[in-house]
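Geometric and topological summary
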Amino acid sequence: MATAVDTPHVVGTAAEEFLPLAAEFERLHEEGADSGAELCVYVAGRERAWLRSRDRGEDRLQIVRSVSKALLAVVAHALHERGVIDIDAPMARIWPAFAAEGKQDVTLATFLAHQAGLVGVDRRLDVDDVIDWYPAVEALAAQRPYWEPGTDHGYHDLTFGWGVGESLRRATGKSVDELFEEEFRRPLGAEVRIGVGPEHFGRVESFRTSGQAGTATAAEVLHLLDDSSSLLSRSQLNPNLLDAERTMRYLGAEIPGCNAVSAARPLARVLAATLGPVDGVRLWNADTLRRATRLRRRGTDRVFARERAYAEGFMLPDRHLPQAGTEVASFGHYGQDCALVLAVPGHDLSFAYTSPQLNNRLDQYAKTDDRAARLARAAVAAVAPAGDAEDAA
């Protein structure tokens, strides 16, 4: 039974076992670490907690940055399950130009797992090229991999959205937002958008800053990374979309690697529907769930020069990005300094957290802050018996 939550900084509802989660959310606000935030938890297809900062309206949305990748992966696996696209086939089969520079055998599954060697493009792109879509995907198709595909892994940032998004567009004839409409908004009532129409601009939260420093520039971030992370400097942060993401033109574009707009409640609902039925709607069957979330590779990421663990389109817990803890078998994705979504199949639990308040730490590309991890741990603790730890995924 849901209990009303009404504290100095937090409002919402939570089942009794999730009241400690509400208390942790309140503590973050008391510490000055958060504002304008929202979180939601589903268990066994039912919403069990929906909490938001008192200063956040119920209908607000925000950019969720790289959580966009997880949403794209959910769609890709759902379409593979239904035979609309074959993620084990070479991408060049439906995108002939992609075969250039020795990429004729690269599959979408390899690309989803950040193993395609396509962490960026050598061609100089500006923000207009990224917003206009076609210059970016043409540059990706022409790009030579930075390593032999399938032999190593490194975070595919913008390129993830271009490669997966263009493959889905060619397989279906539909834009990414049209697919979000068909897979999320219509059947689940989960408001996830990419390419926001003018009628929704006023609902999108602007990012807020805290502390003394402004948001880190691309150059400042690069100075903090190890020399072995030089792949990041080649194009991963070029162009610097952090400077563009507050504009209406950016919000109105489809940049599937980073500019989906949503809130915690619909995100938790989407992840819940990958685990089992939500009001009669299930996005994946059990075989797809196992396949999509199994570990593809763990080890030193060639972009970030530190441990990362990837499934096909999802992050798995590691000591730098722990999700609900490295001992918890979860899959999900972080959105740089502003969001986390995850699911724990063993507990049939999904969790989503979004916040427009950025921490402005200069190492934000290398690791995330602790807010989301604290909340995710509290969410899992509500359903896990004391001392119950699962093997990491």
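Note that this is a predicted model, so its numbers are computed, not measured. (Residues numbered from 1 in each chain as written. Predicted model: local features only at pLDDT ≥ 70, side-chain atom pairs only at ≥ 80, totals over all residues. Heavy atoms only, no water.)

Of all 5 residues making up strand β11 (residues 331–335), 5 are buried, and the element is well covered by its neighbours. Alternating residues of β11 divide into F331, H333 and G335 and G332 and Y334, and every residue in both groups is buried. Both β11 and strand β12 (residues 339–344) contribute to a ladder of 5 bridges, which runs antiparallel. Looking at β12, one finds that G335 is bridged to A339. Here β11 hands over to β12 after 3 residues, with D337 in that stretch at a positive phi of 65°. (Buried < 20%, exposed > 50% of the residue type's maximum accessible area, 1.4 Å probe, protein only. Helix = DSSP H or I, 4+ residues; strand = E, 2+ residues; numbered from the N terminus. Pairing = 2+ DSSP bridges.)

By the secondary structure assignment, E312 is in the loop between β9 (307–310) and β10 (315–316). Looking at E312, the relative accessible area reads 0%, which means it is buried. If near-sequence neighbours (up to four positions away) are discounted, E312 is found in contact with A73, H77, I87, A109, L112, A113, R291, A292, R294 and R296. (Contact = heavy atoms within 4.5 Å.)

Time to look at the nonpolar core. One finds W162, F184 and V270 to be the most contacted residues of the largest nonpolar core, which totals 89 residues. Considering every element that reaches this core, the biggest residue donor is helix α2 (residues 67–81), with 10 residues. Leave out the neighbours within four places in its chain, and F184 touches L71, V74, V75, L179, G189, A190, V192, V270 and L283. Counting 41 residues, the second largest nonpolar core, distinct from the first, contains L28, L342, L349 and Y353. (Core = buried A, V, L, I, M, F, W, Y, C linked by side-chain atoms within 4.5 Å.)

Let us now look at helix α5 (residues 134–142). Residues of α5 that are buried: A136, V137, A139, L140 and A141. Summarising the contacts, the buried residues of α5 are in contact with α3 (108–112), α4 (127–132) and α6 (158–172).

Right, let's get into the pairing of β12. Along β12, 6 of the 6 residues are buried, which leaves the element largely enclosed by surrounding structure. Where burial is concerned, the two faces of β12 agree: the one with A339, V341 and A343 and the one with L340, L342 and V344 are both buried. As judged from the 6 bridges shared by β12 and strand β13 (residues 349–354), these two strands associate in the antiparallel manner. Residue A343 lies in a different strand from β13, and its bridge partner there is S350.

Tracing the chain through its elements places A305 in the loop between β8 (297–300) and β9. Sequence spacing of A305 and G154 is 151 residues, and the spatial spacing of their C-alpha atoms is 8.8 Å.

Turning to the pattern of salt bridges, a few remarks are in order. Inspection of every chain in the model, using the stated rule, returns 38 salt bridges. The partner of D279 in a salt bridge is R269, with the nearest N and O atoms 2.7 Å apart. Placement of D279 in the loop between α11 (264–275) and α12 (286–293) and of R269 in helix α11 is noted, with a sequence separation of 10 residues between them. A relative accessible area of 15% places R269 in the buried class. Of the charged contacts in the structure, one is a salt bridge between E312 and R291, with a shortest N-O distance of 2.5 Å. Placement of E312 in the loop between β9 and β10 and of R291 in helix α12 is noted, with a sequence separation of 21 residues between them. By the burial criterion, E312 is buried, and R291 matches it. Salt bridges sharing common partners tie together D88, R291, R294, R296 and E312. (Salt bridge = Lys/Arg side-chain N within 4 Å of Asp/Glu carboxyl O.)

On to unusual backbone geometry. Look at A305: it is not a glycine, yet its phi comes out positive at around 55°. Owing to a relative accessible area of 18%, A305 belongs among the buried residues under this scheme. Phi is positive for D337, close to 65°, though the residue is something other than glycine. Looking at the secondary structure, you find D337 in the loop between β11 and β12.

Moving on, we come to the confidence of the model for the chain. Per-residue pLDDT for the chain has a mean of 89; in total, 88% of the residues score no lower than 70. Confidence over residues 232–238 falls short of pLDDT 50; this stretch has 23 contacts with residues more than four positions distant or in other chains. Scored below 50 in pLDDT, residues 361–367 shows 24 contacts in the model against residues more than four places distant or in partner chains. (pLDDT = per-residue confidence, 0-100.)

Right, let's get into the packing of α2 against α11. α11 packs onto α2 with a crossing angle of 35° between their chain directions and a minimal axis gap of 11 Å. Between α2 and α11 the crossing geometry is left-handed. In this structure, α2 uses V67, L71 and V74 to contact α11, whose residues at the interface are L267, V270 and T274. Considering only residue class, the contact of α2 with α11 consists of 5 nonpolar, 1 polar and no charged. (Axes fitted to C-alpha atoms, helices over the stretch in contact; angles between N-to-C directions. Left-handed = near helix turned anticlockwise from the far one by under 90°. Nonpolar A, V, L, I, M, F, W, Y, C, P; charged D, E, K, R; others polar.)

All right, on to the packing of α2 against α12 then. Running from amino to carboxyl end, α2 crosses α12 at an angle of 135°, the nearest separation of the two axes being 10 Å. As the angle between them shows, α2 and α12 are arranged oblique. In the packing of α2 onto α12, the handedness of the crossing is right-handed. On the side of α2, the interface is formed by H77, H80 and E81, while α12 contributes T288, R291 and A292. (Parallel < 35°, antiparallel > 145°, perpendicular 65-115°, else oblique.)

Attention now moves to the packing of aromatic side chains. In this structure the tally under the stated criterion is 6 aromatic pairs. Aromatic side chains Y155 and F304 sit 5.7 Å apart centroid to centroid with 40° between the ring planes, which places their arrangement in the tilted category. With a gap of 149 residues between them, Y155 in the loop between α5 and α6 and F304 in the loop between β8 and β9 connect regions that are remote in the sequence. Comparing Y155 with F304, the two get one shared label, buried. Look at F314 and F331: their rings are 5.2 Å apart centre to centre, the planes differ by 75°, and that puts the pair in the edge-to-face class. (Phe/Tyr/Trp six-rings, centres within 6.5 Å; stacked < 30°, edge-to-face > 60°.)

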